[in-house]
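One letter stands for each residue in the lines below.
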Amino acid sequence: MRLLAALALASALQAQAPLPLHEARKAQALLRTQLPCLGCHELDGDGGRSAPSLSTVGARRSAAFIAAIIADPQRTVPGTAMPRHPMPAVVRDLVTRFL
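Presented here is an overview of the structure given in this document.

Scoring rules and cut-offs
Per chain, residue numbering runs from 1 following the sequence as it is written. Local features in this predicted model are restricted to residues of pLDDT 70 or higher, and side-chain atom pairs are both shown and tallied only at a pLDDT of 80 or more, whereas totals for entire chains, interfaces and linings draw on every residue. For the side-chain quantities, the full set of heavy atoms in the structure was used; hydrogens and water were omitted. Numbered from the N terminus, helices here are DSSP runs of H or I no shorter than four residues, and strands are runs of E no shorter than two. The span you would expect from a helix comes to 1.5 Å times its residue count less one. Exposure classes here rest on a 1.4 Å probe applied to the protein chains alone. A residue is buried below 20% of its type maximum, exposed above 50%, and partly exposed in between. The arc in question is the one spanned by the directions pointing from the helix axis to the C-beta atoms. Whether two residues are in contact is decided by their heavy atoms: any pair within 4.5 Å suffices. We count a salt bridge whenever a side-chain nitrogen from Lys or Arg sits within 4 Å of a carboxyl oxygen from Asp or Glu.

1. Thoughts on helix α2 (residues 21-34)
For step 1, the next point in the chain: The terminal C-alpha atoms of α2 lie 19 Å apart, and with 14 residues this matches the ideal 20 Å at 1.5 Å per residue to within 8%.
For step 2, the next point in the chain: Within the span of α2, buried status applies to Ala24, Ala27, Leu30 and Leu31. For α2, the buried positions fall inside an angular range of 125° around the axis, keeping them on one side. In this structure, α2 carries Leu21, His22, Arg25, Lys26, Thr33 and Gln34 as exposed residues pointing more than 90 degrees from its buried face.
For step 3, the next point in the chain: Buried residues along α2 sit against β1 (42-43) and α6 (89-98).

Shown next as C-alpha cells:
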C-alpha cells in the first residue's frame, strides 16, 4: 500500500511540470496507436464516447487518481467497466503526465 501511495505521489509531482513537446507527442501516439484507451475514451475528437473524455480529464481529476485508475481500475473505482491493461511503469507515467 505504501508503494502504491509513493508511486501516486511521484506521478502527481511529475504531472505538475510541463510535459516537453516530444513527450506529449509520444504519449498521443501511444494513446492513438498502441493502447486500447480510445476504444472507449475520446481524445481531441477521436475515439469512443462510452467513457469519460481524456481531453479534459486533467482538469477534472488529480494526477494521482489518473495514475491509480490506469494502474488498477477495479481497486480505484470498484465496479468500473474499465479493464486493466498492463503497461510498463514508464508508459503509465508518461500517459498520466500527458493527461
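2. Notes on the pattern of salt bridges
For step 1, the next point in the chain: According to the stated counting rule, one finds four salt bridges in the structure shown.
For step 2, the next point in the chain: Close ionic contact of Arg97 with Glu23 constitutes a salt bridge, the shortest N to O distance being 3.1 Å. Highlighted residues: Arg97 in helix α6 and Glu23 in helix α2, separated in sequence by 74 residues.
For step 3, the next point in the chain: The partly exposed category is assigned to Arg97, whose relative accessible area is 22%.
For step 4, the next point in the chain: Here Asp72 and Arg84 are joined by a salt bridge, their closest N and O atoms 3.9 Å apart. Pair noted here: Asp72 is in the loop between α4 (63-71) and α5 (73-76) and Arg84 is in the loop between α5 and α6, with a separation of twelve residues, a long-range link.
For step 5, the next point in the chain: One salt-bridge network, held together by shared partners, links Arg32, Asp44 and Asp46.

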